[in-house]
Each structure stands twice: as C-alpha cells, then as structure tokens.
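Chain by chain, the residues run as shown.
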Amino acid sequence: MKVLTQKELPNSQVFFEIRVEGEEFQKGLDAAYRKNAPKLSVHGFRKGKAPKNLVLKTYGVGILFDDAIGETYPAAYEQAITEAGVEPVDFPEISVLEINEEGYTFTATLTQKPAVKLGAYRGLSAYKPPVDVTDEEVEQEIEALRYRNSRLVDVEPRPVQKDDIVIIDYVGKLDGVPFDGGTAAAQQLVIGSGQFIPGFEDQIIGHTPGETFDIDVTFPEDYPADELAGKAVVFTISLHAIKKNEMPELDDEFAKDVSDSYNTVDDLRAGMKTAVQEYKVSQAERVFEDGLLSQIVENMEVEVPQVMIDRQIDGMVEDFGQRLQQQGINLETYLAMTKTEMADFRKNFAEPAENNVKTSLALEAIVKDADIDITEEEFNAELDKIAEQVKIESSKLVDMIDKAALGREIAVSKALKLVKDSATVLDKEPEKKPAKKTAKKAAKKAEEGEAEQAEAAPKKTARKKKADAPEEAEKEAEKKPARKSTKKASAEE
C-alpha cells in the first residue's frame, strides 16, 4: 500500500489517493480466484476443476478484479488512516480510478473528527443545588411503594364514579357497522384518566355493573385515523365490574415483604430516606457537571461536521423507539398516530444532539490537552465494575469488549473529574445571561438561506446523556398504555 496523495478538505474532510500493487494485490487476486473458481466452467472440465491458467486464459484476469478490490482495499484504507493519524467519524466514500494486472489505485474521502480549540476548563464555577430530604418526600416514596404493591379488588355493585376502575367490553359502530379497532373485551379503564376519546369515559359514570348500554361520541377532527376523524359513532358498552386498588397496610410485615434489608417500618423509612438522598445527590452532581460543561462548550471553538450530529440523532431516535416498544407500540405507529414525518421528528433532536457531540469533543480535547492517561489498574478496576454489573467474570468479559473504547471512556471520566476538582461550587444559581449574537453563525445561516439573522444563546450540555426525547413526544408516548395494541387504540384519545 502506498499513499500517493493526502490532503485536507473543507468541513473536516480528508482525501486520500492510495495504490495497491505487488504481493498485496496478488494475494487479493488469489483470494478472488478461490472464491470464483467453483462457479467457472471450462470446456472439458467440471466446474472448479480446470487449471487456474486455463481458467484465466478463458475468462481473462479482469473477472477477478472486483473481488480482488473487495479483498484488499479495507486493509489498505485502514493502514493509510492509521499511519496518518486520522480518526474518521463515518464511512469513507471509495472510488477506484484504474486497475490492471499490476494493481489498482483508489481514492477515499472521509470526514474526520474536527479540530477543537479549547477555552478555559480549569478553575470554573457552577451552581450545585443543596440536598435536603424532607419527611414529606420520604412518605411520598413509601406511598408510591405501597401503590406499586397494591392489588385490584372488587367494589360492591353501585353506580360508577370518577376515578373508579371499570372492566368493560365495547363495540364501536360507524353508521351501524363495526369499525376496525373499535372492539375490545375485558378492557380495564380508569374513569377520568383521559385514556379514551373525549366523552367516552364520562358517559360510563352512573351505570351499574351488569348493564349494557350505548354511548354517543365523536372522534376529534385531528384523530390519526382519517376514516374516523370528526365522525360520530356509537359504542355499545357492557359493564362487568368496578374495581379499586387496595394498598397493603404500612406495617412491619409490609416492610419485610418489600426487602430482606428491612424488618420494621422504621427500617423502611430509613431506607427510603437514604434512597431519596442518593438520588438527589446524583441529580445535584449532574446539575453541577452540566453547568461546568456548558461553559466549556460555550468557550471552545469547533466546527462540528453534520454527519456527527446525524449519527447522534440516529442513536437518540433509536433509543426513543426502544422506549416506545416497552409501552407496546413501535416508532412507525407512533409517527402515524401523531401525523409526524420522520424528517420533522428528527429535527426535535438536533439541538441536544449537537450539544452532546460538542461535549464529547470537549472532553476528548481535555484528555489530550491535560495529557491524561489511564493505568492498567484503572482499566482493570473499571472492567471489574462492568463484570459485576453484567454478572460475567472479568477474564471472560475482557475478550468481549472494545478495549480501546473502554480506555477512552475512562480517560474522559478522568477529564471530567479534573474539571470538577478544579471548580468552585456556587450555592446560588447565577442569573442567566442574555443571548449573544454570533456574527459568524449568522452569516453562515444567511448564506444557506436559513435566516436573515441568527442568535446563538449559551446551550445547556450534558455528559453522555441518554437519548432525550423531545418533551412533547415523551409525554405523548407515555400517554399510551403498554397493554394496548394499535387497533385497540381506536377508542383512545
């Protein structure tokens, strides 16, 4: 492999012109021949049995070129970028210029991690909220624990009231004909939850178990199913039972049932207080970290390639989709229900994705600037921690992980610790600064026709946050009960 040309291009791109020839190319041709020989026939010989020279004389060596390139260019490309110290952030664009029996020349255009010019990252200051745990917060956690351990019990027959849990069958009809998704059996519904379309739950109030009755409702104009949007329909309801959640008594037996660590209610309260304390400490630490990182990101200079933001958005959208799956619907269904195009949905993640990318770049730059390295002991300690979490022996886990990636993660954690250790904790939240006009960004946006003027406000960043869904999307997703199928959702809001 020979690098004939290497040059920097705008937007963090790098161009390589690479030559593969000699023994390296011959090995590729040999591998290509072994792959294709069983498929090539020569008169007088069975497939794969003709001598190599006769096969190549019959078909020409050119028949092997495509596979020979496929066998050799990945290693040549990797060697070229490794020797050049280039760190790509996406797959390269490969183009073969010319090829013959001696070898071939190809070009590779790739996007690399951008150069980062750090501002101050030591001696910063940021607000950290105080951590106070009240008795009320502890009791709220205990009540939530009791609710999670509650069971449904029957209520003596009486008219349905708001907040009752009812068990119903229903059949929906449009112009007297049942419609898709409008039928369900033994459906559990909390009256007043707003889970079903407006008017549905209210009309069940006052009825008694054992009754079968009709209710008239009209689907909202913006209902996702166009054939039902704005239409008046009739639901026939069979009311089977009224139930309620019966929570366990708060006594020592309950404390023992919750955890082997508790013997009494006092033990439970102490445990809940510790849990709330740890959570609030963690949240306060995150606020402190975010305050420091946002300053570092705001003060650094970097041009982030769009592909890095796109890849971050990919991960955030995938994470959002997985959380939807846990609630019983997939992303495609969710987008159809909310009448949202994927391109528009992805835009919701653009700003947090850019902030996350910039934060990662800043921490990696600090690793280099502060000459942070990791020791074998630090690596093994982190490996042991992961092994304990996933219940695998460290000796087995070490062969299953990306050691370089784990090493980078440890180094970045040390960079963050360096920033925090040198920082001052503020006990009062600083006043927010007004947005700053960034002439450079404004000019760029004007050139792209996106805006006549742009203002760049300091952006809140977060260290390796889980993909945060847009607020509205998150609320909408949580609104859909996990037990519902797509079709059963037809009576839902």
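Above: the structure in question.
Overview of the structure. Keep in mind that what you see is a predicted model, and the values were worked out from it rather than measured.

The rules behind these values
Residues numbered from 1 in each chain as written. Predicted model: local features only at pLDDT ≥ 70, side-chain atom pairs only at ≥ 80, totals over all residues. Heavy atoms only, no water. Helix = DSSP H or I, 4+ residues; strand = E, 2+ residues; numbered from the N terminus. Buried < 20%, exposed > 50% of the residue type's maximum accessible area, 1.4 Å probe, protein only. Contact = heavy atoms within 4.5 Å. Areas by Shrake-Rupley, 256 points an atom, 1.4 Å probe, with all protein chains shown as cover. Patch = residues over 30% accessible without salt bridge, like charges linked within 9 Å, V, L, I, M, F, W, Y side chains within 5 Å. Salt bridge = Lys/Arg side-chain N within 4 Å of Asp/Glu carboxyl O. Lys, Arg positive; Asp, Glu negative; His and termini not counted. Charge placed at Lys NZ, Arg CZ, Asp CG, Glu CD. Pairing = 2+ DSSP bridges. Axes fitted to C-alpha atoms, helices over the stretch in contact; angles between N-to-C directions. Core = buried A, V, L, I, M, F, W, Y, C linked by side-chain atoms within 4.5 Å. Parallel < 35°, antiparallel > 145°, perpendicular 65-115°, else oblique. Nonpolar A, V, L, I, M, F, W, Y, C, P; charged D, E, K, R; others polar. Expected span 1.5 Å × (residues − 1).

When you go through the chain residue by residue, the secondary structure sums to 15 helices and 13 strands. Put simply, the chain has 493 residues, and 36% of those count as buried. Looking at the chain alone, contacts between residues at least 24 apart form 70% of all its contacts between residues at least 6 apart. Counting only carbon and sulfur atoms, one obtains 48% of the accessible surface of the chain, whose full area is about 29,000 Å².

Take a negative patch on the surface next. Where like charges cluster on the molecular surface, the negative patch consists of Glu249, Asp251, Asp252, Asp257, Asp266 and Asp267. Contributions of two or more residues to the negative patch are made by helix H5 (252-258) and helix H6 (265-299). Look at Asp252 and you get partly exposed, because its relative accessible area is 35%.

Turning our eyes to something else, we now look at the sheet that holds strand S4 (residues 103-111). Strand order in the open sheet formed by four strands is S1-S2-S4-S3, with antiparallel pairing between adjacent strands. Where the open sheet ends on each side, the last strands, each with one partner, are strand S1 (2-9) and strand S3 (93-100). Going across the sheet, the axis of each strand differs from the next one's by a mean of 10°, ignoring polarity. Relative to strand S2 (residues 13-21), S1 runs antiparallel, the two being bridged by seven bridges. Its bridge partner being in S2, Leu9 is matched across the sheet by Gln13. Set on the sheet, helix H3 (residues 65-84) makes contact with S1, S2, S3 and S4; between it and S4 the angle comes to about 50°.

This brings us to the nonpolar core. With 40 residues, the main nonpolar core has Ile296, Leu331, Tyr334 and Phe345 as its most contacted residues. Counting only elements with at least two residues in this core, the list comes to H6, helix H7 (306-326), helix H8 (331-337), helix H10 (350-369) and helix H13 (403-421). When residues of this core are assigned to their parent elements, the largest contribution, eight residues, is made by H7.

Another point: the pattern of salt bridges. Tallied over the entire structure, the rule returns 30 salt bridges. With a shortest N-O distance of 3.6 Å, Lys162 and Asp163 are connected by a salt bridge. Residue Lys162 is classed as exposed on the basis of its relative accessible area of 52%. Since its relative accessible area comes to 53%, Asp163 is described here as exposed. Residues Lys358 and Glu354 are paired through a salt bridge, measuring 3.3 Å at the closest nitrogen-oxygen approach. Taken together, the residues span about one helical turn, with Lys358 and Glu354 both in helix H10 at a distance of four residues. Through salt bridges with shared partners, a single network forms among Lys128, Glu285, Arg286, Glu289 and Lys420.

Right, let's get into unusual backbone geometry. Backbone geometry at Asp163 places phi at a positive 80°, although glycine is not the residue there. Residue position: Asp163 is located in the loop between strand S6 (151-154) and strand S7 (165-174).

Let us now look at the packing of helix H4 (residues 135-148) against H6. H6 packs onto H4 with a crossing angle of 110° between their chain directions and a minimal axis gap of 9 Å. Between H4 and H6, the crossing angle belongs to the class labelled roughly perpendicular. Contacts between H4 and H6 pair Glu137, Val138, Glu139, Glu141, Ile142 and Leu145 from the former with Leu268, Arg269, Met272, Lys273, Val276 and Lys280 from the latter. The class makeup of the residues in the contact of H4 with H6 is six nonpolar, no polar and six charged.

We now examine H10. Since there are 3.6 residues in each turn of an α-helix, residues three or four apart along the chain are aligned in direction. With 20 residues, H10 should cover 28 Å at 1.5 Å per step; its first-to-last C-alpha distance of 28 Å lies within 8% of that length. Within H10, the full set of buried residues consists of Ala353, Asn355, Asn356, Val357, Lys358, Thr359, Leu361, Ala362, Leu363, Ala365, Ile366 and Val367. Looking one or two residues beyond H10, the residue adopting positive phi is Asp371, at roughly 55°.

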